[in-house]
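What the coordinates show
If you want the building blocks of each chain, they are given just below.
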Amino acid sequence: MDYLAPITIEEAVGALASTSDSRVFAGATDLIPQIRSGRPEPGLLVDLKRIDRLTAVTEGDTSWTIGAAAPTSGLTENIAFSRQFPGLSEAAGLIGSDQIQNRSSLGGNLCNASPAADSVPAMIVNGARAIIATPDGTRTITVDQVATAPGHTSLEPGEFIVEFEVDKPPARTGDAYLRMTPRTEMDIAVVGAGARITLDADGNCTEARIALGAVAPTVRRVTDAEAALIGHPITDDTLSAVAAAASAACDPIDDKRGTIAYRKQVAGVLAKRVVKLAAERAAGTATENGAH
Amino acid sequence: MTMIDENPTGAPSYKWVGSRSIRPDGLDKVTGKARFGADLTLPGMLEGAVARSPHAHARIVSIDTSAAEAMPGVHAVITAADLPDLAEAGAKTDDVFMSEKILARGKVLWEGHPVAAVAATSREIARAAVAAIEVVYEPLPHVLTVDEALADGAPLLHAEMITRGVDPAPKTPSNAASRVVHERGDLDQGFADADVVLEREYTTKPVHQGYIEPHACVADAGQDSRANLFVSSQGHFSLRAMTATTLGWPPSALTVTAAEIGGGFGGKTTIYLEPLAVRLSSKAGRPVRLVMGRDEVFKATGPTSGSRMKIKMGVTNDGKMTAAQVWMAFEAGAFPGSPVGAASMTAIACYDIPNFLVEGFDVVCNKPKVAAYRAPGAPIIAYGVESIVDELARSINMDPIDLRLANAAVEGTQSSYGPVFPRIGFVETLEAIRDSDHYRSPVPEGMGRGVASGFWFNIGGNSTATVHVNEDGNVNVIEGSPDIGGSRASMALFAAEEFGISVDRISVKIADTQTIGFNDVTGGSRVTLATGKVVIDCCRAIKEDLCRRAAKTWDCEIGDVEWVEGQAQHASGTETPLSLAELAETAPRTGGPISVTKSDNVRGAGAAFTTQLVDLEVDEETGVCRVARYTTAQDAGKAIHPSYVEGQMQGGVAQGIGWAFNEEYIHNADGTLDNASFLDYRIPVASDLPMIETIVVEVPNPGHPYGVRGVGEAGIVPPMAAIGNAIEHGTGVRLNDLPMSPVRLLDAINQRNDG
Ligand SMILES: Cc1cc2nc3c(=O)[nH]c(=O)nc-3n(C[C@H](O)[C@H](O)[C@H](O)COP(=O)(O)OP(=O)(O)OC[C@H]3O[C@@H](n4cnc5c(N)ncnc54)[C@H](O)[C@@H]3O)c2cc1C
């Protein structure tokens, strides 16, 4: 197994093109455990962390740019970012533990393509875009277009994500992410739910995005739940509709971590709770730290 | 922390015993200097790896090691053919089973069963060589649970196994290895006398001790059929004996050094890698290190038993327990030896019940052979018994503590397993909880509260210690009990107290099997009691010797000399007292080095009881529980080092909380383990637990000079039942199967909601 740590995107692209048996990595918090547990070792490992753009976190006028290999602790500790995206920040803050978060990246979380990846529903509800380096320059796709199945992405061999762009939220908008794990930390989501809600001055929902993790092969947008909210205030009735739509949208598996019935039911519960929390943030009535 | 003194005025007061000295092994551990099992590197050392069965049950048709042996860097490959065939040699059945556990012979009995081992110049090569070993298996049908193993026509693990303890002996073999029974009184009459009789069934899954340090050892065999072994172990003497038996060597041919140990909880009282490492080393002529991965720890080392239990208990309306009938079957794993015997003895030991029948079965199945785990067997059966006791209290509208108080075993009660209890402190633990701030506080809104009790025997056993006064007057204590819970600190405190010198002047070392006399394993909560006793005996003999030396110096009768606060004093006060340092300095002239060794098979262990209280918040929409408050009261007899007593109490509860909610072996239908990692085998993390409040009850054990009982194990006995009881209190839902996971709890809550 060879190791390279290029300092430019071009070098990295070139290195990846040099062999078909290459793999990029950032924090390696997925990669190393997978190799240790017996998955085949790639011939060439390309470390992305020496490339400046890949670890930068920058606030622009209308959007943020987050390096795909930036450690997620850089997001949770960034006060301005965490104020504007409390949900995305808390999703990143759920990954593993402090030690893991000093290594783990959004790029790795997304490209590992686990249905349970915590930051992905939160990125999707915020409409995040992935800037992808290719041998012919860069291209941009939305985050929901990256993972195609557990362990698989739409990236071509030799491509990697350089950075994410996420637009600043409009007024009266809040995001949130909640997950169910048997343990309080160091665990993997049995169900994850992200939401971003925008309210008008009267408290009616004008925009809603809801995404569920760990209940289908890839993160799932729940458009029926979103439709049930648009034009309505956040009430017990609308939240019940959200819960029902979320449960119905699930296509989970039965495994050691949870049953189909459990995942469906709890997806409804978390969808309802996460919408409520996001709406409170949108309305400025949320009580917890990190809210607007 | 609260300390409850049984007799505050009459109890002796100590200067060092009962203080919170700094643990002598602490600095090395927090700075990374301590050497654990995998930390020894020797010149020329090879790295080993073990080939393991992928099948739960299969006949070994052939093993071809030639490709592995031909690989560059491979120095030795062994299979069962490289160990003596103990069955052929006519060894005891248990020894035959032990050797078959180390390396399969003819059949593999669980996924992870070792079939061969390799030593090579690197771990990568060793692993590649393991992969190159060709084993042809003929898979056999397997049984995973006691139900499957006891079913008619079940495939047999051991073709000739006849159930012991059944009269007349069965004519046909089965997977039931043995049966144990305890009975007294007239069961029918007992149930007839009851106003309420409840009957319940409970099941539990195998759970692992979850020690952080995987098994590891380094073996260095010479050409002379002798070997040194450096190993993470709870008992290097018994490990030496077991390893020697498996190798066909005399135990004295092995010198075993106990490494610092990163947790054991009973799981490191047996052998796995050691004979392989010695045999590989003797074959390769070089030292060999073997270290397990976490998956190997889960797959191939002992968890404790899964079980099925049926319990029937009767009580009168005024709270008198009249009868108990307890049936249990415990999974032993691939070879006999579940803790069902201890479980049968502890089942109803908390209570004075006139009529009972307790019956237990030890059942083999295609899982790893179980190993001891903190109060082996007791937590399993206590889950059932303490759950039904709670239901009985509810059904007669009695406070659960009052019901326990009304039936508690006390001094003079004949225990359910035979002996009459001497002074014990069960009642005191119940009263401590009843009178605690926690119990007197109202149950917080939306929470459930549960209480449960537990018993553990504690043991004494064989220990040896040497105490030596250095020429500077500082004291060396040399003992042979691997320190898994802070026992070196307790030994130092005993010596400091006895000599009347600062604990900083005592240095405690755990010596290898060549350097100190025999010691039983660190287990059964025995070390502070038994090894402590021989250390105290050494100190007392040395004090006598010191007084004799002072008398010689002063030319007076020994009866005129007394040892007071670190020095010899003359009764008349006419002589200047002689300090330990002064006596040490003149030792060559007063009789030579000052050193005493004592050995004893220590008796007088005192039973430990505990009562625990939990407040639980249940998220009824997800089934997730949060432990909001937990208080444990335990009778320590005498807390020699209170911090480590509290640590043991809290540690037992922490493991019990994991067992209650999440921990379980999950097997696939093909008999393979589905969760051999800490991600999916969920022991609690720190944020899962509240600060566990401790009440150290001190009812001195009359069998020990300082009243020590032993505190390591009892703490894990009640938590599962306490939590189950709290769940019912909070939700009205009763779970009778462990773990009480979010999935199971939500399912039960749904059923409740559906009416
Ligand atoms: C103890 C522990 C706990 C964990 N807990 C959680 C948790 O709670 N929630 C959770 O979601 N995850 C968890 N994880 C998984 C992991 O930490 C996260 O998925 C993390 O975000 C991965 O980031 P990384 O930089 O370490 O990825 P890496 O391991 O470096 O990479 C992961 C995969 O993505 C690919 N990749 C990485 N960067 C790029 C890129 N820029 N472009 C294209 N492909 C790329 C790699 O080739 C690899 O296939 C945990 C892991 C551990 C070890």
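Residues numbered from 1 in each chain as written. Chains lettered and ligands numbered in written order. Predicted model: local features only at pLDDT ≥ 70, side-chain atom pairs only at ≥ 80, totals over all residues. Heavy atoms only, no water.

1. Some thoughts on the overall build of chain A
If you tally the helices and strands in chain A, you get 12 helices and 14 strands. Overall size of chain A, expressed as C-alpha extent along the three principal axes, is 55 × 45 × 35 Å. When contacts within chain A are restricted to residue pairs at least 6 apart in sequence, those whose partners lie at least 24 apart make up 60%. When the 26 positive and 36 negative side-chain charges of chain A are each reduced to one mean point, those points stand 4 Å apart. (Helix = DSSP H or I, 4+ residues; strand = E, 2+ residues; numbered from the N terminus. Contact = heavy atoms within 4.5 Å. Lys, Arg positive; Asp, Glu negative; His and termini not counted. Charge placed at Lys NZ, Arg CZ, Asp CG, Glu CD.)

2. Examining the nonpolar core
Note on soluble globular proteins: their nonpolar side chains tend to be buried together. Residue and element names in this part refer to chain B. Within the largest apolar cluster, 97 residues are counted, with the highest numbers of intra-cluster contacts made by Met328, Ile348, Ile381, Phe455, Leu616 and Ile723. For this core, the element with the most residues is helix α11 (residues 378-395), which contributes 10 residues. Ignoring anything within four residues of it in the chain, the contact list for Ile381 reads Met309, Ile311, Val326, Met328, Ala343, Thr346 and Ala347. (Core = buried A, V, L, I, M, F, W, Y, C linked by side-chain atoms within 4.5 Å. Buried < 20%, exposed > 50% of the residue type's maximum accessible area, 1.4 Å probe, protein only.)

3. Brief notes about helix α1 (residues 9-17) of chain A
All names here are of chain A. Along α1, the positions that sit buried rather than exposed are Ile9, Ala12, Val13, Ala15 and Leu16. The arc that holds every buried residue of α1, seen down its axis, measures 160°, which confines them to one face. Facing away from the buried side of α1 by over 90 degrees, the exposed positions are Glu10 and Ala17. Next to the buried residues of α1 lie β1 (2-4), β2 (22-25), β3 (44-47), α3 (52-55), β6 (129-134) and β10 (160-167). (Arc of directions from axis to C-beta.)

4. Some details on the domain arrangement of chain A
Residues and elements named next belong to chain A. Domain boundaries in chain A define domain 1 (2-167) and domain 2 (173-291). Look at where the C-alpha atoms of domain 1 and domain 2 centre, and you get two points 24 Å apart. Counting residues at the interface gives 25 residues for domain 1 and 25 residues for domain 2. Of the roughly 2000 Å² buried between domain 1 and domain 2, counting both surfaces, carbon and sulfur atoms make up 58%. It is Pro115, Pro121 and Val125 in domain 1 that bury the most area against domain 2; as a group they hold 28% of the surface buried on that side. On the surface where domain 1 and domain 2 come into contact, there are 2 salt bridges. (Domains from an automatic or database assignment. Buried area = accessible area lost by both parts, 1.4 Å probe. Salt bridge = Lys/Arg side-chain N within 4 Å of Asp/Glu carboxyl O.)

5. Side note on the interface of chain B and chain A
Contact residues are listed per partner, giving 22 residues for chain B and 19 residues for chain A. Across the interface of chain B and chain A, roughly 1800 Å² is buried in total on both sides, 50% from carbon and sulfur atoms. When the buried surface of chain B facing chain A is broken down by residue, B:Glu621, B:Arg682 and B:Val743 rank first, second and third, together holding 29% of it. Counting across the interface, chain B meets chain A through 7 salt bridges.

6. Description of the sheet that holds strand β3 (residues 58-64) of chain B
Residue and element names in this part refer to chain B. An order of β5-β3-β7 is seen for the 3 strands of this open sheet, with the pairing classed as antiparallel. Since the sheet does not close on itself, it has two edges, and those belong to β5 (107-108) and β7 (134-139), each with one partner. Bridge count for β3 against β5 is 2 bridges, and the pairing is antiparallel. For Arg59, the partnering residue across the bridge sits in β5 and is Lys107. (Pairing = 2+ DSSP bridges.)

7. A few points about the packing of helix α15 (residues 487-499) of chain B against helix α16 (residues 527-554) of chain B
All names here are of chain B. Running from N to C, α15 and α16 point in directions that differ by 30°, and their axes come no closer than 9 Å. Considering their axes alone, α15 and α16 lie roughly parallel with respect to each other. For the pair α15 and α16, the crossing hand works out as right-handed. Contact residues: α15 offers Ser487, Ser490, Met491, Phe494, Ala495, Glu498 and Phe499, while α16 offers Val527, Thr528, Thr531, Gly532, Val535, Ile536, Cys539, Arg540, Ile542, Lys543 and Leu546. Of the residues contributing to the contact of α15 with α16, the split by class is 10 nonpolar, 5 polar and 3 charged. (Axes fitted to C-alpha atoms, helices over the stretch in contact; angles between N-to-C directions. Parallel < 35°, antiparallel > 145°, perpendicular 65-115°, else oblique. Left-handed = near helix turned anticlockwise from the far one by under 90°. Nonpolar A, V, L, I, M, F, W, Y, C, P; charged D, E, K, R; others polar.)

8. Looking at the side chain of B:His57
Residue and element names in this part refer to chain B. Mapped onto the elements, His57 comes out in the loop between β2 (46-52) and β3. In terms of polar contacts, His57 uses its side chain to reach the side chain of Lys107, at 2.9 Å. Within polar-contact distance, the side chain of His57 engages the backbone oxygen of Pro141 at 2.8 Å. Apart from the residues within four sequence positions on either side, His57 is in contact with Lys107, Val108, Leu109, Pro139, Leu140, Pro141, His142, Leu156, Leu157 and Asn366. (Polar contact = N/O pair within 3.5 Å; in protein donor to acceptor, adjacent residues only side chain to side chain.)

9. Concerning the sheet that holds strand β22 (residues 506-510) of chain B
Residues and elements named next belong to chain B. Reading across from one edge, β22-β21-β20-β26 is the order of the 4 strands in this open sheet, with mixed pairing throughout. The sheet is open, and its two borders are formed by β22 and β26 (594-602), each paired with just one other strand. With strand direction ignored, the average angle separating the axes of adjacent strands in the sheet is 20°. Where strand β20 (residues 461-469) and β26 come together, 9 bridges link them in antiparallel fashion. Opposite Val469, over in β26, you have Ile594 as the bridge partner. Packing of α15 onto the sheet brings it into contact with β20, β21 (475-479) and β22, and relative to β22 it is tilted by some 140°.

10. Details of the pairing of strand β29 (residues 692-698) of chain B
Taking burial as the measure, the 7 residues of β29(B) include 6 buried ones, the bulk of the element. Handedness of the β-α-β unit built from strand β28 (residues 624-635) of chain B, helix α19 (residues 642-661) of chain B and β29(B) comes out right-handed. (Right-handed = clockwise from strand over helix to strand, strands pointing away.)

11. Let's talk about the site of the ligand
Residues and elements named next belong to chain A. Neighbouring the ligand are 31 residues; Val24, Thr29, Asp30, Ser105 and Asp118 lie closest to it. Between Asp187 and the ligand, the recorded distance is 3.1 Å, taken from a backbone N or O atom to an oxygen atom. Relative to its unbound accessible surface of 980 Å², the ligand loses 88% to contact with the protein. When residues of the shell around the ligand are traced back to their parent elements, those giving at least two are β2, α8 (106-111) and β10. (Near = heavy atom within 4 Å. Areas by Shrake-Rupley, 256 points an atom, 1.4 Å probe, with all protein chains shown as cover.)

12. Re unusual backbone geometry
Residue and element names in this part refer to chain B. Cis geometry marks the peptide bond from Asp167 to Pro168; its omega dihedral reads -5°. Structurally, Pro168 is set in the loop between α5 (146-150) and β8 (176-184). A cis geometry characterises the amide bond from Leu738 onward to Pro739, with omega recorded as -5°. Looking at where Pro739 falls in the secondary structure, it is placed in the loop between α20 (719-731) and α21 (742-753). For Asn458, which is not a glycine, the phi torsion comes out positive at approximately 70°. By the secondary structure assignment, Asn458 is in the loop between β19 (447-456) and β20.

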